[in-house]
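What follows is the residue order along each chain.
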Amino acid sequence: MRCHPPRCQTRRGHAACVRARAEDGFHELASLFQTVSLMDTLDFWEEPADDTKPLCSMEVSPDSLGREGIPTDESNLVMRALQLYADKTGETRRIHCRLHKGVPAQAWLGGGSGDCATALFAANKLAGFKATEQELIEWSAELGSDISFFFSRGSAYCTGRG
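So, here is what we can say about the structure in this document. These numbers come from a predicted model, not from an experiment.

1. A short note on the overall build of the protein chain
Per the secondary structure count, the protein chain includes three helices and six strands. The N-to-C order of helical and strand elements in the protein chain reads β-β-β-β-α-β-α-α-β. Evaluated residue by residue, the protein chain yields a buried proportion of 44% over its 162 residues. Considering only contacts within the protein chain whose residues lie at least 6 apart along the sequence, 74% involve residues at least 24 apart. Surface accessibility of the protein chain: about 8,900 Å² in total, with carbon and sulfur atoms responsible for 51%.

Structure below.
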């Protein structure tokens with residue numbers, strides 16, 4: 001089964017209010033986020049069962065922006081999201097992702113965070129929706145502060161850890 005979730009949009013933060021840095025290295029913030037039309041495209045599919053191979057794998061399309069600098073190991077948020085989903089649900093399906101990067105990496109536009117949310121959604125869809133959207137949102141906080149925004153419908157007032 002292939003999963004083609006909606007294209008992963010990026011976000012732009014507006015009117016950020018950043019407060020003092022907390023002991024954990026994060027800041028308290030208040031910001032208005034809005035999606036913009038710049039996006040990555042991700043395709044997910046289930047691979048045949050094989051106990052000798054990892055549950056999650058990914059590739060980056062040859063024409064992706066900054067392809068050579070995009071990791072495909074467990075340091076990538078997509079890979080971390082797929083593994084987190086498997087850990088939380090006990091899912092054993094092998095999932096592969098192909099990323100076409102259209103959002104510049106490290107541009108503070110939330111491209112990696114949006115990809116991460118998309119990976120959680122896709123893993124859930126491929127598994128038959130074992131988790132609720134609220135659970136996906138809660139789990140996403142383990143991977144990054146802004147990932148939950150990408151489960152919203154375009155605009156959000158965000159407060160808390162950032």
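Having seen the model, we can carry on.
2. A few points about the nonpolar core
The biggest cluster of nonpolar side chains holds 35 residues, and the ones touching the most others in it are Phe44, Val78, Leu82, Tyr85, Leu136 and Leu143. At the level of secondary structure, the elements contributing two or more residues to this core comprise strand 3 (27-47), strand 4 (56-60), helix 1 (77-89), strand 5 (94-100), helix 2 (111-126), helix 3 (133-140) and strand 6 (155-161). Not counting chain neighbours up to four residues away, the residues in contact with Leu136 comprise Tyr85, Leu120, Phe121, Asn124, Ala131 and Phe151.

3. Quick word on the pattern of salt bridges
Side chains that differ in sign of charge can pair as their charged atoms come close. Applying the stated rule across the entire model yields seven salt bridges. Residue Glu91 pairs with Arg93 through a salt bridge whose shortest N-O separation is 2.6 Å. A residue is classified by how much of its surface remains accessible, and Arg93, at 31% relative accessible area, is partly exposed. The residue Glu91 makes a salt bridge to Lys130 at a minimum N-O spacing of 2.7 Å. Highlighted residues: Glu91 in the loop between helix 1 and strand 5 and Lys130 in the loop between helix 2 and helix 3, separated in sequence by 39 residues. By relative accessible area, which is 47% here, Lys130 ends up partly exposed. If you follow the salt bridges from partner to partner, you end up with Glu46, Glu91, Arg93 and Lys130 in one network.

4. Regarding the pairing of strand 4
Successive side chains on a regular strand alternate, one facing one side of the sheet and the next facing the other. Among the five residues of strand 4, four are classified as buried, and the element is accordingly described as predominantly covered. Looking at chain direction, strand 4 and strand 5 are connected through five bridges and run parallel. For Glu59, the partnering residue across the bridge sits in strand 5 and is Arg98.

5. Examining unusual backbone geometry
Of note in this structure, Phe129 is not a glycine but carries a positive phi near 60 degrees. Residue position: Phe129 is located in the loop between helix 2 and helix 3.

6. Description of the environment of Cys97
Mapped onto the fold, Cys97 is located in strand 5. On the accessibility criterion, Cys97 (0% relative accessible area) is buried. Sequence separation of Cys97 and Trp45 is 52 residues, and the distance between their C-alpha atoms is 6.7 Å. If sequence neighbours within four positions are ignored, Cys97 has contacts with Leu42, Asp43, Phe44, Ser57, Met58, Glu59 and Val78.

7. Quick word on helix 3
For helix 3, the set of buried residues is Leu136, Trp139 and Ser140. Axial view of helix 3: buried residues confined to an arc of 100 degrees, hence all on one face. Taken together, the buried residues of helix 3 touch helix 1 and helix 2.

Thresholds, definitions, all that
- Residues numbered from 1 in each chain as written.
- Predicted model: local features only at pLDDT ≥ 70, side-chain atom pairs only at ≥ 80, totals over all residues.
- Heavy atoms only, no water.
- Helix = DSSP H or I, 4+ residues; strand = E, 2+ residues; numbered from the N terminus.
- Buried < 20%, exposed > 50% of the residue type's maximum accessible area, 1.4 Å probe, protein only.
- Contact = heavy atoms within 4.5 Å.
- Areas by Shrake-Rupley, 256 points an atom, 1.4 Å probe, with all protein chains shown as cover.
- Core = buried A, V, L, I, M, F, W, Y, C linked by side-chain atoms within 4.5 Å.
- Salt bridge = Lys/Arg side-chain N within 4 Å of Asp/Glu carboxyl O.
- Pairing = 2+ DSSP bridges.
- Arc of directions from axis to C-beta.

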